[in-house]
Amino acid sequence: MDVLHPRLLVSRFADCFRFYDAVLPKLIGATRTRGAESGPYASWDVGTEGVLMLFDRAAMAAVVGTTDLPPTAAAQDGAMLVSRVDDVDAGFDLCLRHGGQPVSPPADRPEWGPGMRTAHLRDPEGNLIELQSY
């Protein structure tokens, strides 16, 4: 049962689908359980737990009655996906090879905790992702 999971509402569904379908299996062992590049929905699980769902932003706007609002807002990031990985550098390179955009390269962050190493990037939709190991 998926108790709580992130669902990204994206305008560039096909691009985001290809990105997550390529990187999630290698980063965290996720398997795609539903969906296709054509959308409007896709999901990936680790074991029996949902770890990420994508949904077409316009399709959701139609459901919740917000089609008259702008599709994006210019502001600081309001959310970030965080994934603990075995090798931050390899994970960062994997994401960049599949369309991720670099924000901050892999770096040790002792001020955040003993042995902490992180990298930050954006998926094709611009969602902020942190890869971390500790």
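Position numbers for residues count from 1 along each chain, tracking the sequence in the order it is written. For this predicted model, a pLDDT threshold of at least 70 governs which residues receive local features, and a threshold of 80 or more governs which side-chain atom pairs are given and counted, while totals over whole chains, interfaces and linings are taken from all residues. In computing side-chain properties, one takes all heavy atoms of the structure into account and sets aside hydrogens as well as water.

Student: Quick rundown of the nonpolar core? Include the residues and the values.
Tutor: Formed by 26 residues in total, the largest nonpolar core has its most connected members in Y20, V23, W44, L54 and L131. A helix here means a DSSP run of H or I that spans at least four residues, while a strand means a run of E at least two residues long, and both kinds are numbered starting from the N terminus. Among the secondary structure elements, those contributing two or more residues to this core are β1 (7-10), α1 (13-28), β3 (41-46), β4 (49-56), α3 (88-97), β7 (117-122) and β8 (128-133). By residue number, the principal contributor to this core is α1, which donates 9 residues. By definition, residues are in contact when any of their heavy atoms lie within 4.5 Å. Ignoring any residue separated from it by four or fewer positions in sequence, one finds L131 in contact with L27, S83, V85, V88, G91, F92, C95, R117, T118, A119 and L121. Residues belong to one nonpolar core when they are buried, are Ala, Val, Leu, Ile, Met, Phe, Trp, Tyr or Cys, and are joined through side-chain atoms within 4.5 Å. Per-residue accessibility, obtained with a 1.4 Å probe over protein chains only, is compared with the maximum for each type, and a residue is labelled buried under 20%, exposed over 50%, and partly exposed between these values.

Student: Summarise unusual backbone geometry; cite the residues concerned and give the values.
Tutor: If a residue is not glycine, its phi is most likely negative; likewise, a peptide bond is most likely trans. Here the residue pair G39 and P40 is connected by a cis peptide bond, since its omega of 5 degrees sits within 30 degrees of zero. Of note, P40 is situated in the loop between β2 (31-35) and β3.

Student: Could you give an account of the sheet that holds β3, naming the residues involved and the relevant values?
Tutor: Any two strands with at least two DSSP bridges between them are considered paired. Spatially, the 4 strands line up as an open sheet ordered β1-β4-β3-β2, and their pairing is mixed. Strand pairing shows two members of the sheet lacking a second neighbour, β1 and β2, which therefore form its edges. Within the sheet, the average angular offset between the axes of one strand and its neighbour, ignoring direction, is 20 degrees. Sitting on the sheet, α1 touches β1, β2, β3 and β4, and the angle it makes with β4 is about 165 degrees. To define axes, lines are fitted to C-alpha atoms, for helices over the stretch in contact only, and angles between the resulting N-to-C directions are given on a 0 to 180 degree scale. Sheet contacts for helix α2 (residues 57-64): β1 and β4; angle to β4, the most-contacted strand, approximately 85 degrees.

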